[in-house]
Amino acid sequence: MAARISLVEEDLSCSICCSIFKDPVVLKCSHSFCAACLQQYWEKKGPAARDCPLCRRESADEPVVSLTLKNLCDSWVQEEDEDEQGGEDEPGERCRQHGERLKLFCLVDRLPICMVCHTSKKHKQHDCCPVEEAMVDIKEDLRCALTVLQGKLEAFEKMKRNYETTAEHIKAQAEKTEALVREEFEKLHQFLRGEEAARIAELKQEERRKSQTVSQRLDEIFSNMASLSDSVRAIEEELQIDDLSFLHKCKKTLKRAECVAPEPIVASGSLIDVARYLGSLRFRVWEKMQEVVQFTPVVLDPNTAAPWLILSDVLTSVRDCDSRQPLPDNPERFDPDTGVLGSVGFSSGSHWWDVEVGENTAWVLGVAKESVQRKEKVSSVLKNGYLTVYYYHKMYFAGTSPLTRLSLKRRPSRVRVALDWDRGRLTFSDADDNTPIYTFRHAFAETVFPYFWVGCKACPLRIQPRDVAVTTEHK
């Protein structure tokens, strides 16, 4: 520490940057500067100028690194760091350089200084305040910073829990979806195996029937051949007779030589009708598959469903429930509103879907723009990005602003929603008799999604499947 006390900070400071030397170099005139500061000074004066910033003496040689001065500066900086790490300076501690009490706090360098330091070149232009005020202000700043950091930490903790929930949900989603996919394919496999077994059984039956026919024909041929063989053998024996007895038997022999057996022919249609079984086989099976295949024009997106909604496994029906489900709070999900969107949005063309409302006592149907607010409970009306029809408290409304009361002659059990995006029309009607309910005329400028809101636990909303038809096209 004796060596440290004998050092003066000004002696270890560069006269250009007024800071402790960094990589000090010395000129022939014995003046020292930071290597970077000297190089910048020369670059500003031009490529030909290489004078000393203090005495202006020209320096033709390259500056020499001062290892001794560098070591002294490194020791100074190291001890400064150790002093700062050793603890905060108390107001009564004295300045190590000047021996004066540390009464001021430099707001620029964030260090306690004495009155002499305040008048020195290093701190002369810096704003300062009493150390007592600095203690209060800095602690207040730290408290504010601590509050902000604690808030961020809580936000990260909440986000961490959300991601943990999301990871668990992803795993559960994948497992359930895999099981449902396997189940659906197993149904298809069963259908195909059934079709395969039926066709093979029909083929085997035709094989047995035609094989039996051929076998009967063979038996008849064998019988005719045996009869003909006997006749041939008898006639050959008669031809060997040379006496008068030959003529006595000739009448009988000639009659026997007359062949009464039919000519052997191959009957048509005796072979397997291979084309019947293989002709357009896949198409025929596909055609018959209409009996087990359903097409639903709208499929619900479970990632948008509010936590209070329960969707069917095939994502074609939705109902309300009593308890909130533990689902991730992803941006697409409606919360707290109990809404859900279709999985596919529309930005052109014409589309329609039927929804079975049945005895449901509270529902909203229509479309929602992609930009609708999903994390706040807002009315599903046109000004908020929705084009909808309400059924609530046994009354029907159109989602205009304000709501438009609708008068219906009867309560529909199925509602048809028909969207013509290009013409800017959304029509609601009774799907059973096509009675109009309400029509919106609105110029669409963004993608819209089928929208469903339900407030009834007993009766779900069901999206109706459409009839599927397989046809061939003649060109």
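Residues numbered from 1 in each chain as written. Predicted model: local features only at pLDDT ≥ 70, side-chain atom pairs only at ≥ 80, totals over all residues. Heavy atoms only, no water.

**Overview of the packing of aromatic side chains**
So, point 1. Going through the model one piece at a time under the given rule, you end up with 10 aromatic pairs.
So, point 2. With 4.5 Å between their ring centres and 35 degrees between their planes, Tyr391 and Tyr396 make a pair best called tilted. Pair check on accessibility: Tyr391 and Tyr396 agree, each one buried.
So, point 3. Cluster of aromatic residues (ring-pair linked, three or more members): Phe334, Tyr386 and Tyr451. (Phe/Tyr/Trp six-rings, centres within 6.5 Å; stacked < 30°, edge-to-face > 60°. Buried < 20%, exposed > 50% of the residue type's maximum accessible area, 1.4 Å probe, protein only.)

**Some thoughts on the UniProt feature "coiled-coil region" (unreviewed entry) in the protein chain**
So, point 1. The sites that carry the UniProt feature "coiled-coil region" (unreviewed entry) are, in the present numbering, residues 153-180.
So, point 2. Within the segment residues 153-180, helix and strand shares are 100% and 0% respectively, and the terminal C-alpha atoms sit 40 Å apart. (UniProt positions renumbered as here; feature names shortened; annotations may be inferred. Helix = DSSP H or I, 4+ residues; strand = E, 2+ residues; numbered from the N terminus.)

**Let's talk about helix H6 (residues 245-257)**
So, point 1. Here H6 contains 13 residues, and its C-alpha end-to-end distance of 18 Å stays within 8% of the 18 Å for a straight helix at 1.5 Å per residue.
So, point 2. Helix geometry: H6 is bent most strongly at Lys251, by close to 45 degrees. (Expected span 1.5 Å × (residues − 1). Bend = angle between axes of the 7 residues up to and from the residue.)

**Considering the sheet that holds strand E13 (residues 395-398)**
So, point 1. Strand order in this open sheet of 6 strands is E9-E18-E11-E12-E13-E14, and the pairing throughout is antiparallel. Here the strands that pair on one side only, and so sit at the sheet edges, are strand E9 (339-341) and strand E14 (404-406). With strand direction ignored, the average angle separating the axes of adjacent strands in the sheet is 20 degrees.
So, point 2. Pairing between E9 and strand E18 (residues 448-454): 3 bridges, direction antiparallel. Looking at the pairing, Leu341 lines up with Tyr451 of E18. (Pairing = 2+ DSSP bridges. Axes fitted to C-alpha atoms, helices over the stretch in contact; angles between N-to-C directions.)

**Observations regarding the pairing of strand E8 (residues 317-320)**
So, point 1. Sheet topology places strand E7 (residues 309-311) next to E8; 3 bridges connect them, and they run antiparallel. By the bridge assignment for E8, Leu311 is matched with Val318.
So, point 2. Between the end of E7 and the start of E8, which pair antiparallel, lie 5 residues, with Leu315 showing a positive phi angle near 65 degrees.

**Some words on a nonpolar patch on the surface**
So, point 1. There is a patch of nonpolar side chains on the surface, built from Val214, Leu218, Ile221, Phe222 and Met225 and spanning about 450 Å² of accessible area.
So, point 2. For Met225, the position within the fold is in helix H5 (residues 131-239).
So, point 3. On the accessibility criterion, Met225 (48% relative accessible area) is partly exposed. (Patch = residues over 30% accessible without salt bridge, like charges linked within 9 Å, V, L, I, M, F, W, Y side chains within 5 Å. Areas by Shrake-Rupley, 256 points an atom, 1.4 Å probe, with all protein chains shown as cover. Salt bridge = Lys/Arg side-chain N within 4 Å of Asp/Glu carboxyl O.)

**Looking at the sheet that holds E8**
Whenever strands of a sheet pair, they do so through backbone hydrogen bonds, lying parallel or antiparallel.
So, point 1. Taken in spatial order, the 7 strands of this open sheet run E7-E8-E19-E10-E15-E16-E17, and their pairing is antiparallel. Only two strands of the sheet have a single neighbouring strand rather than two, namely E7 and strand E17 (436-441). Neighbour to neighbour, the strand axes of the sheet diverge by 20 degrees on average, direction disregarded.
So, point 2. Bridge count between strand E15 (residues 414-420) and strand E16 (residues 425-430): 6 bridges; the pairing is antiparallel. Across the sheet, Ala418 pairs through a bridge with Thr427, a residue of E16.

**Digging into the pattern of salt bridges**
Between side chains of opposite charge, a pair can form when the charged atoms approach closely.
So, point 1. Tallying each qualifying case throughout the model produces 28 salt bridges.
So, point 2. Here Lys187 ties to Glu183 by a salt bridge, and the two come within 4.0 Å at their closest N and O atoms. Placement of the pair is Lys187 and Glu183 together in helix H5, with a separation of 4 residues, close to one helical turn.
So, point 3. Among the residues examined, Lys187 registers a relative accessible area of 45% and is labelled partly exposed.
So, point 4. Taken together, the salt bridges that share partners define one network made up of Glu202, Glu206, Lys210 and Arg276.

**Digging into the confidence of the model for the protein chain**
So, point 1. For the protein chain, per-residue confidence averages 87 on the pLDDT scale, and 95% of positions sit at 70 or higher.
So, point 2. Low pLDDT, under 50, characterises residues 1-6; the predicted model gives this stretch 5 contacts beyond four residues in sequence or across chains. (pLDDT = per-residue confidence, 0-100. Contact = heavy atoms within 4.5 Å.)

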